[in-house]
Amino acid sequence: MNLMEMREVGKTYRRGSVFRSGLPLDALKNINFQIRQGGSVGLIGRSGSGKSTLCRLLLGLEKTSRGQVIYRGKDLAAFSKADWRSFRRRVQVVFQNALGSVNPRFTVQEIIIEPLLNYSTLTKGEKERKSAALLEQVGLRASEGTKLPHQVSGGELQRICIARALALGPEMIILDEAVSSLDMLIQSQILNLLKDLKRSFGVTYLFISHDLRIVSWFCDEILVLEEGRLVTRVRDLQEIEEDSDPALKELMASVLPPWPRQEGKGDRHAGRIRRRDRRCCPDAAL
Amino acid sequence: MLAGYAGGIVDAALMRLCDVFFTFPTFVLALFMVGILGAGMGNVIIAIALTHWAWYARIVRGLVLTFKYRDYILAARAAGTGRIKIVVRHILPPVFSQLVILATMDIGHMMLHVSGLSFLGLGITPPTPEWGVMISDAREYIWTQPSVILWPGMMIFLTVMSFNLIGDVVRDRLDSKGKGDT
């Protein structure tokens, strides 16, 4: 069953000034795709390709210029107040800009429990217990709850945003470049947590990222967005390599290899680097 | 606040009303209001409030607009926070702290207005003591006893200066929690 769907969706912005009528800018054109319940769909594309706009349209934070966004068979445009309340509870988001997406006046605990307060009333003790449990779930100490956003690092803040998204036990999470700012160790920890949630509770994901390796590891299907259009869809890394779409090729070319590849004649260091790689990461496929 | 958050027709209507008030010089408008309402403490306060509200309304609208489009407001909406809660929890506190700072710094400005009106005989009238009135009454003795005009003038200067300094302290204190708010 499809949990969310976009049908012929388009989004046009107008940029104008006092003296000149606005020129239309098509941020998204004719987007069609489905996200099935329990699935994880990856969305990749260069900066400015329309990924974040698509994310806001899916969340109903902006209105489409054309087409429909469907959640459980119902158009978001036809949602009642009760539908929105239920939708907001079940579909959560982690935005790209962690520092911008938290209120600088709120403590970490207040940030994390904000979604819970919209749907239930909690005593002081319950708030502390909930926030501590969520912080530990994303690998942070419960004592971080009293800090303000500018007192924690960018990576920690991104994990706090992930904890906020998990607070209501959502059925779908949209991750807009949510793990890009984390180091590899924390990335794998968070991705494993998200995979566990998928296995245990059937959480659905839309994973927006630049990182092809993570997307291909995490997602069942990958959509490629280029200049507001969905240009191709692939299933795994092999299909990515076989696909001839120039946008995808360009993204593939931009992925940095995990170790130096240069091995020309007279390059005395290349062999040594390879040997060291084998020692450090014996499983690495060289 | 309403104009900034609601936008659209409400915003346009309120802002055009502000524009009407902006077309008159503040002091002339205050003189006009006092002329209609009559002299006296209460009337001076009403006149000054009526002539300055548009300026504050513009500032509050501008502040609301800067906060309205922050990512954390989008995140709060996505987390199911209602419109009123967003205004009360996320927009009102930073706007209010900015406004308190502005208002504190503006007290001195308002005092000068009141003194100016009183000096012209349109503000507070004797026997209520008021520095502007004192300066006005002391004009005749400026050459024989200059201290009579000096002390009320000095007091106005010191009080306005003090409120400006208090405004600075209030800004430093209120801004320290919400780093990156301004």
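Residues numbered from 1 in each chain as written. Chains lettered and ligands numbered in written order. Predicted model: local features only at pLDDT ≥ 70, side-chain atom pairs only at ≥ 80, totals over all residues.

1. Thoughts on the overall build of chain A
Of the regular secondary structure elements, chain A holds 10 helices and 10 strands. Taken across its 286 residues, chain A has 36% of its residues classed as buried. Residue pairs at least 24 apart in sequence account for 66% of intrachain contacts in chain A once pairs closer than 6 positions are excluded. (Helix = DSSP H or I, 4+ residues; strand = E, 2+ residues; numbered from the N terminus. Buried ≥ 20, exposed ≤ 12 C-beta atoms within 10 Å, placed from the backbone. Contact = placed C-beta atoms within 7 Å.)

2. Some remarks on the pairing of strand β8 (residues 204–209) of chain A
All names here are of chain A. For β8, a buried count of 6 out of 6 residues is recorded, marking the element as mostly surrounded by other parts of the structure. Side chains Thr204, Leu206 and Ile208 project from β8 onto one buried face, and the interleaved Tyr205, Phe207 and Ser209 project onto a second face that is buried too. Pairing between strand β3 (residues 40–45) and β8: 5 bridges, direction parallel. Bridge pairing in β8 links Gly42 to Phe207. The pairing of strand β7 (residues 172–176) with β8 spans 5 bridges and is parallel. Its bridge partner being in β8, Ile173 is matched across the sheet by Tyr205. Note on the crossover from β7 through helix α6 (residues 184–201) to β8: the handedness is right-handed. (Pairing = 2+ DSSP bridges. Right-handed = clockwise from strand over helix to strand, strands pointing away.)

3. Description of the sheet that holds β3 of chain A
Residue and element names in this part refer to chain A. As summarised here, the arrangement of the 6 strands in space is β6-β7-β8-β3-β9-β10, forming an open sheet in which the pairing is mixed. Of all strands in the sheet, those with a lone pairing partner are β6 (91–94) and β10 (229–234), marking the two edges. Adjacent strand axes in the sheet meet at a mean angle of 20 degrees when their direction is disregarded. Against the sheet, helix α5 (residues 154–166) makes contact with β6 and β7, and its axis sits at roughly 180 degrees relative to β6, the strand it touches most. (Axes fitted to C-alpha atoms, helices over the stretch in contact; angles between N-to-C directions.)

4. Topic: the confidence of the model for chain B
All names here are of chain B. Chain-level statistics for chain B give a pLDDT mean of 78 and a share of 91% at 70 or above. The weakest mean pLDDT in chain B belongs to helix α1 (residues 2–6) at 69; the strongest belongs to helix α5 (residues 71–78) at 89. Reported confidence for the predicted complex is 0.76 by ipTM and 0.73 by pTM. (pLDDT = per-residue confidence, 0-100.)

5. Side note on unusual backbone geometry
Residue and element names in this part refer to chain A. One non-glycine residue with positive phi stands out, namely Glu8, at about 50 degrees. Note on placement: Glu8 falls in strand β1 (residues 2–15). When the 12 C-beta atoms within 10 Å are taken as the criterion, Glu8 is described as exposed.

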